[in-house]
Amino acid sequence: MGKDAETVSNGGDAQVSNSTQGFKLVGFSNFVRTNPKTDRFAVKRFHHVEFWCTDATNVARRFSWGLGMPIVAKSDLSTGNLSHASYLLRSGHLCFLFTAPYSPSIAAAENLTSAAIPTFNSSACRSFSAAHGLAVRSIAIEVEDAELAFSASVAHGAKPSSPPINLDDRAVIAEVQLYGDVVLRYISYKNPNPPENTSHPDSWFLPGFESMDEGSVFPVDFGIRRLDHAVGNVPELAPMIEYVKGFTGFHEFAEFTAEDVGTSESGLNSMVLASNNEMVLLPMNEPVFGTKRKSQIQTYLEHNEGAGLQHLALVSEDIFRTLREMRRRSGVGGFEFMPSPPPTYYRNLKKRVGDVLSDEQIKEAEELGILVDRDDQGTLLQIFTKPVGDRPTIFIEIIQRVGCMLKDDEGKVYQKGGCGGFGKGNFSELFKSIEEYEKTLEAKQISAEPATA
Ligand SMILES: [Fe+2]
């Protein structure tokens, strides 16, 4: 932990303290951010996210259309894969993979598996979809050495899911259990700098994948560039943080409790774990009980049949452009967004971020329903979609971070991970602005009432 919990006396304790064994939330204002650089293996970045579905073609195309991410590669019957259909979407460094099983009897009859992803398991995939609906199976990170990452993780308590497998002597893949049925997948390349811009996905992605047929890739782009954070919902935060921190060595990067956000209505406690370079950010939430409204985390856990991935935050290089494009498609197969805050939110925004955003940008944020928050280092623009599938479970966040530009050892400018935070301030600002807005409506109702004698 960043701080010895026992020495901290504060008003920010978690409302429900199942967080006691060597771990205790201290609250946002008491949290001291440090980077002890304690990773147990060398971590580079998020590599891809894999969704398990019952029909990959349809889900991949819907996400491609809604997020402006071209389908760039495939591994399916047309490439000789009898086991699973997989389609890869890419925008900048963000890769989404959609995988579904083919016929169970054909898969069972195969002597030698033709699966491009050798960790794929047909019956596990089917029961996964039955239990969770459309959901994320794997968060993949590129590491320097997947074999080492796997053995270090298992030596420090990780439950193995798949031992390291050598892929054509080009890459290694290994998996350990994360939370629920989600795995943390390690990928490393024999050639440490795969040529990302070549047209051969078996060199920059995974062997067994082929480019889409010539002319079939529609050059769509809404400005989404990479994955910022991947958030999990778990029934109890403390043991899960201990587990993940234990085998990865990741450090505590940020946290907030239900009390921090100025209202008990949010119903969650949260902790963010980060890799040494703070480019892999893994927040986790637990529900808080005893509040007026049921915790949204508890709702998720019930509908998802347990722990799982709650949301993926995607970085846009221009959130206004991304939102204009996404909103145009909301009603025709794209993604819908949560209701926009009332006008009072944007009136207060000038006071909060008037030094960072121009009046025109604040106006555009209001038109598009974008929320803005800041921390001691930078500013965060964010917006959330409604759940992407049938169940009130997984959703997507689009963000843009402003500020915190640093230079690395070679003088290359980069943005510090997590710049501007994760939107904690928006909870209280939203509730405050909704209250103010409701008061203005009440005032209107009173003035509209007929005068009585
Ligand atoms: Fe987020």
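The chain is annotated in an unreviewed UniProt entry as 4-hydroxyphenylpyruvate dioxygenase of Camellia sinensis var. sinensis. Database annotation for the chain, UniProt heading Sequence similarities (unreviewed entry): "Belongs to the 4HPPD family." Quoted straight from UniProt, the Catalytic activity (unreviewed entry) entry for the chain says "3-(4-hydroxyphenyl)pyruvate + O2 = homogentisate + CO2".

The biggest cluster of nonpolar side chains holds 83 residues, and the ones touching the most others in it are Phe63, Leu67, Phe96 and Tyr186. No other element matches helix α6 (residues 237-248), which puts six residues into this core. Not counting the four nearest positions on each side in its chain, Phe96 is found in contact with Val49, Phe51, Phe63, Leu67, Met69, Tyr87, Leu88, Leu89, Leu312 and Leu314. The next biggest cluster of nonpolar side chains, apart from the first, holds 17 residues, and it includes Val72, Leu167, Ile173 and Tyr189.

To continue, consider the packing of aromatic side chains. If you walk through the whole model with that rule in mind, you get 16 aromatic pairs. Judged by centre distance (6.1 Å) and plane angle (90°), the ring pair of Phe253 and Phe422 falls under edge-to-face. A residue pair is termed long-range when its members are at least 10 positions apart, and Phe253 in strand β11 (residues 251-256) and Phe422 in the loop between β19 (413-415) and α11 (424-448) qualify at 169 residues. Under the relative-accessibility criterion, Phe422 is labelled buried at 17%. Here the aromatic cluster, defined as three or more aromatic residues joined through ring pairs, consists of Phe51, Phe63, Phe96, Phe98 and Phe335.

Our focus in this paragraph is the confidence of the model for the chain. With 89% of its residues at a pLDDT of at least 70, the chain reaches an overall mean of 88. Within the model, pLDDT remains below 50 along residues 1-21, and this stretch shows 49 contacts once partners closer than five positions in the same chain are excluded.

We now examine the pairing of strand β8 (residues 183-189). Across the seven residues of β8, seven count as buried, placing the element largely inside the fold. Alignment of strand β5 (residues 135-143) against β8, held across five bridges, turns out to be parallel. Each bridged residue has a counterpart across the sheet, and for Ile141 the counterpart in β8 is Tyr186. Pairing of strand β7 (residues 171-177) with β8, which is carried by seven bridges, proceeds in the antiparallel orientation. Opposite Ile173, over in β8, you have Ile187 as the bridge partner.

This part takes up the coordination of the iron ion. Within the protein, His229 (NE2), His311 (NE2) and Glu397 (OE) serve as the donor atoms for the iron ion, at 2.0 to 2.2 Å. When the donors of the iron ion are listed by position in the chain, the intervening gaps give H-x81-H-x85-E. Taken together, the residues His311 in strand β14 (residues 308-316) and Glu397 in strand β17 (residues 395-403) connect sequence positions 86 residues apart. Looking at His311, the relative accessible area reads 8%, which means it is buried. Judged by relative accessible area, Glu397 falls into the buried class, the value being 1%.

This brings us to the state of the cysteines. Scanning all chains against the criterion turns up one disulfide. Shown here is the disulfide that connects Cys404 with Cys419, its sulfur atoms set 2.0 Å apart. Because the torsion about its S-S bond is 75°, the bridge between Cys404 and Cys419 counts as right-handed. One end of the pair, Cys404, is in the loop between β17 and β18 (405-407); the other, Cys419, is in the loop between β19 and α11, with 15 residues separating them in the sequence. There is no split in this pair, since Cys404 and Cys419 are both buried. For Cys53, which is in no disulfide, the shortest distance to another cysteine sulfur is to Cys125 and amounts to 7.4 Å.

Criteria and cut-off values
- Residues numbered from 1 in each chain as written.
- Predicted model: local features only at pLDDT ≥ 70, side-chain atom pairs only at ≥ 80, totals over all residues.
- Heavy atoms only, no water.
- UniProt positions renumbered as here; feature names shortened; annotations may be inferred.
- Core = buried A, V, L, I, M, F, W, Y, C linked by side-chain atoms within 4.5 Å.
- Buried < 20%, exposed > 50% of the residue type's maximum accessible area, 1.4 Å probe, protein only.
- Helix = DSSP H or I, 4+ residues; strand = E, 2+ residues; numbered from the N terminus.
- Contact = heavy atoms within 4.5 Å.
- Phe/Tyr/Trp six-rings, centres within 6.5 Å; stacked < 30°, edge-to-face > 60°.
- pLDDT = per-residue confidence, 0-100.
- Pairing = 2+ DSSP bridges.
- Donors = N, O, S within 2.8 Å, 3.2 Å for Na, K, Ca; no water.
- Disulfide = S-S within 2.5 Å.

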